[in-house]
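# Summary of the model geometry
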Amino acid sequence: MSAAQILIEESWKLALTSEFEQPYFAHIKEFIVKQKQLGKKVYPPGSLVFNAFNLTPFHQVKVVILGQDPYHGAGQAHGLCFSVPHGVKPPPSLVNIFKELKTDLGIEVPTHGNLEKWAKQGVLLLNASLTVNEAEPNSHVPSGWHRFTDAVIKKISDEKEGIIFLLWGKFAQDKSVLIDSQKHFILKAAHPSPFSVERFYGCKHFSKTNQLLAQQNKTPIDWSI
């Protein structure tokens, strides 16, 4: 599959051309096609698979939040980790993120869970797998997506400076080996899921992120949505 066939924002297409031309990337497409042939529903819809990249061009990335897998319920996934479209009830992890935001910055808990406003300010909301089968978490791990998104993280680390990576939970924290900690900032906390949220609360990652952006003379993120 050539880069020209990938519906992704131009600065990312340029940055990731070599990945799109690798044999493993063709395998990702073949894997997804096979799942659909088996009668599986795959989320998010094809037009939204690269939504995180399309809303946050490579040259605009200031912050990276890493998730593991798209939501696997109908209508939930729209290509941004932790986010759901307008009209869809925010899942528990996202509700817990909003609670920490209120404690940290005094931002009232919103009535929706669409995080596109964050993405448009330079917050890359990246899942390690970009697709999933309905009701089957982690079902697309064998596809090759992890190789692709690892390459994305490394590309950001190699070619940019002063990026703030928010790594929540062990899965995300294990990706820190891909990040040059001499050039970038890595903030770690427990995952905001109900199983570990008590250790997530109090991390103050949102205020810390804005302090680090201000130190670099970058515009802080307006975390309200």
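For the structure, check the block above.
Description of the structure in this document. (Residues numbered from 1 in each chain as written. Predicted model: local features only at pLDDT ≥ 70, side-chain atom pairs only at ≥ 80, totals over all residues. Heavy atoms only, no water.)

Counting through the fold element by element, Ile 186 comes out in strand 6 (residues 185–189). Of the residues examined, Ile 186 reaches a relative accessible area of 25% and is grouped as partly exposed. Considering only alpha carbons, one finds Ile 186 and Ile 225, 39 residues apart in sequence, at a separation of 24 Å. When sequence neighbours within four positions are dropped, the list of residues in contact with Ile 186 reads Phe 165, Leu 167, Ser 176, Ile 179 and Ser 181. (Helix = DSSP H or I, 4+ residues; strand = E, 2+ residues; numbered from the N terminus. Buried < 20%, exposed > 50% of the residue type's maximum accessible area, 1.4 Å probe, protein only. Contact = heavy atoms within 4.5 Å.)

Inspection of every chain in the model, using the stated rule, returns 8 salt bridges. Ionic pairing is found between Lys 175 and Asp 150, a salt bridge with its closest N-O pair at 2.6 Å. Note that Lys 175 is positioned in the loop between helix 8 (170–173) and strand 6 and Asp 150 in helix 7 (residues 145–159), a separation of 25 residues in sequence. On the basis of relative accessible area, Lys 175 is assigned to the buried category, the value being 9%. Taking the relative accessible area as the measure of exposure, Asp 150 reaches 23% and is therefore partly exposed. Between Asp 158 and Lys 154 there is a salt bridge, and its shortest N-O distance comes to 3.0 Å. Of the two residues, Asp 158 and Lys 154 both sit in helix 7, 4 residues apart, roughly one turn of that helix. Residue Asp 158 is classed as partly exposed on the basis of its relative accessible area, which comes to 46%. Residue classification places Lys 154 among the partly exposed positions, given a relative accessible area of 41%. (Salt bridge = Lys/Arg side-chain N within 4 Å of Asp/Glu carboxyl O.)

This brings us to the packing of helix 3 (residues 23–37) against helix 7. Geometrically, a packed helix pair is captured by the angle between its two axes and the distance between the axes. Packing of helix 3 against helix 7 brings their axes to within 9 Å, and their N-to-C directions diverge by 135°. Classified by the interaxial angle, the pair formed by helix 3 and helix 7 is oblique. Judged by the twist between their axes, the crossing of helix 3 over helix 7 is left-handed. Between helix 3 and helix 7, the residues in contact are Tyr 24, Phe 25, Ile 28 and Ile 32 and Trp 145, Arg 147 and Phe 148, respectively. (Axes fitted to C-alpha atoms, helices over the stretch in contact; angles between N-to-C directions. Parallel < 35°, antiparallel > 145°, perpendicular 65-115°, else oblique. Left-handed = near helix turned anticlockwise from the far one by under 90°.)

An order of 3-2-5-6 is seen for the 4 strands of this open sheet, with the pairing classed as parallel. Each of the sheet's edge strands pairs with one partner strand only, and the pair in question is strand 3 (123–127) and strand 6. Strand after strand, the sheet turns through a mean of 20° between neighbouring axes, direction not considered. Examined bridge by bridge, strand 5 (residues 164–168) and strand 6 share 5 bridges and lie parallel to one another. Looking across to strand 6, one finds that Leu 166 is bridged to Leu 187. (Pairing = 2+ DSSP bridges.)

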